[in-house]
Amino acid sequence: MEIIRVKNLHKNYKKTEAVKGISFSVKKGEIFGFLGPNGAGKTTTINVLCTLLKQSSGEAYLDNLEISKNQSEIRKRIGLVFQDTTLDDYLTAEENIKFHGYAYNMPKNLIIQRTENLLKMMDLWDRRKENVRSYSGGMKRRLEIARGLLHLPKVLFLDEPTLGLDPQTRRKIWEHINEIRLKDKITIFMTTHYMDEAENCNRIAIIDHGKIIALNTPEGLKVDLGGDTIQITAENIPEAKKEIQSLKLSPTIRDNNISFQVQNGGEFLPNFVQNFKQKIHSVELRRPTLDDVFISLTGKAIREQNQNSTEQMRSWRNRRGMGGNR
């Protein structure tokens, strides 16, 4: 059963088309992910689905309600964890949660019950009386997720839920998210550019330059890529690439490594190495990863695209006189 349905969605900002006619649906109870670099259209789409932006054209429904025409009803049905923290650092964790409950006109006894349950589940109960400004980044993230779940939403939107956190903290947060999803039977819609985080999804839509270029389960995306991945380093990279292309294969180059996909890599590799004319320094055979999928579809690694976005932002700040030590 579908809880979100999007058809030919467009969103324009003056002359910039951020979302270019995307269509997809999200099943009730699943974890659905948008995987893509900064500026791909992930956050814009979430903002439309959460009634924070109005689409330029197209249709979007949540729980069978047309989103742009039922904003108040939609907001009752969703929870939202933004990319940047929206907690009040001068309130305690308990106060942040309860204020959210009052904003949703929840009964006082339900606020008390849900606050205790969620803070215990997020391992924050013992520190509920402390001001949030004393919390670590991971603790703040867990608190924001608890707050977003307080009013029992049907869909929880997570926009880059573990951005900037270390891998161990990210893994712990996902343990909490999965526990809550199963307990409260809610749907999770998330955006990320972390490949390991995307593995938590039941299905993933890969989005780039405002368009969905692939949609499948994580394993399905890897299978669609075609077989196993072989990665080599060679003495002459350009010539090695040409030789691989002569075998009717499609190599990509990154960090002076050449990668390509083949069926039955274990059988293919011995004959390939024996007959390859260019000098090979190293060779690796592995199952495809989501990183391989993204590179194959876009021609670029997601972290390279994010680095470019960071450099562009730094350049813009410098031009505006905001860079450097101040």
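That block above? That's the structure.
Note that this is a predicted model, so its numbers are computed, not measured. (Residues numbered from 1 in each chain as written. Predicted model: local features only at pLDDT ≥ 70, side-chain atom pairs only at ≥ 80, totals over all residues. Heavy atoms only, no water.)

Draft legend 1. Broad picture of the pattern of salt bridges. Inspection of every chain in the model, using the stated rule, returns 25 salt bridges. In this structure, K76 and E73 form a salt bridge, with 3.2 Å as the shortest nitrogen-oxygen distance. Pair noted here: K76 and E73 are both in helix 2 (residues 71-77), with a separation of three residues, about one helical turn. Looking at K76, the relative accessible area reads 52%, which means it is exposed. Notably, a salt bridge pairs R170 with D196, separated by 2.6 Å at the nearest N-O pair. (Salt bridge = Lys/Arg side-chain N within 4 Å of Asp/Glu carboxyl O. Helix = DSSP H or I, 4+ residues; strand = E, 2+ residues; numbered from the N terminus. Buried < 20%, exposed > 50% of the residue type's maximum accessible area, 1.4 Å probe, protein only.)

Draft legend 2. Highlighting helix 8 (residues 218-225). Every buried residue of helix 8 is listed here: P218, G220, L221, K222 and L225. Where helix 8 is buried, its residues contact helix 7 (195-198), strand 9 (203-208), strand 10 (211-216), strand 13 (257-262) and helix 11 (290-298). Remark: G226 follows helix 8 within two positions and exhibits a positive phi of approximately 105 degrees. (Contact = heavy atoms within 4.5 Å.)

Draft legend 3. Local environment of unusual backbone geometry. Backbone geometry at N105 places phi at a positive 55 degrees, although glycine is not the residue there. Along the chain, N105 falls in the loop between helix 3 (93-103) and helix 4 (108-121). We note that D255 has phi near 55 degrees; this positive angle belongs to a residue other than glycine. Turning to its location among the elements, D255 is positioned in the loop between strand 12 (252-254) and strand 13. Under the relative-accessibility criterion, D255 is labelled exposed at 58%.

Draft legend 4. Expanded view of the sheet that holds strand 14 (residues 280-286). In spatial order, the strands read 12-13-11-14; together these four strands make up an open sheet with antiparallel pairing. Strands at the two margins of the open sheet, each flanked by one partner only, are strand 12 and strand 14. The average undirected angle you get between the axes of adjacent strands in this sheet is 25 degrees. The strands touched by helix 9 (residues 237-245) are strand 11 (228-234), strand 12 and strand 13; relative to strand 13, the strand with the most contacts, the crossing angle is about 10 degrees. (Pairing = 2+ DSSP bridges. Axes fitted to C-alpha atoms, helices over the stretch in contact; angles between N-to-C directions.)

Draft legend 5. Structural context of the pairing of strand 2 (residues 16-27). Of the strand pairs in this sheet, strand 1 (residues 2-13) and strand 2 are connected by nine bridges, and their pairing is antiparallel. Its bridge partner being in strand 2, L9 is matched across the sheet by I22.

Draft legend 6. Region of interest: the packing of aromatic side chains. Going through the model one piece at a time under the given rule, you end up with 11 aromatic pairs. Taking 6.3 Å as the distance between ring centres and 75 degrees as the angle between the ring planes, the aromatic pair formed by F260 and F268 counts as edge-to-face. The exposure class of F260 is buried, given its relative accessible area of 0%. Judged by relative accessible area, F268 falls into the partly exposed class, the value being 25%. (Phe/Tyr/Trp six-rings, centres within 6.5 Å; stacked < 30°, edge-to-face > 60°.)

Draft legend 7. Inspection of the packing of helix 4 against helix 6 (residues 167-184) at higher detail. One can describe the packing of helix 4 onto helix 6 by two numbers: an axis separation of 10 Å at closest approach and a directional angle of 140 degrees. On the basis of their axis angle, the class for helix 4 and helix 6 is oblique. Facing R114, L118 and M121 of helix 4, the residues of helix 6 in contact are H176, E179, I180, K183 and D184. Of the residues assigned to the contact of helix 4 with helix 6, the class counts are three nonpolar, one polar and four charged. (Parallel < 35°, antiparallel > 145°, perpendicular 65-115°, else oblique. Nonpolar A, V, L, I, M, F, W, Y, C, P; charged D, E, K, R; others polar.)

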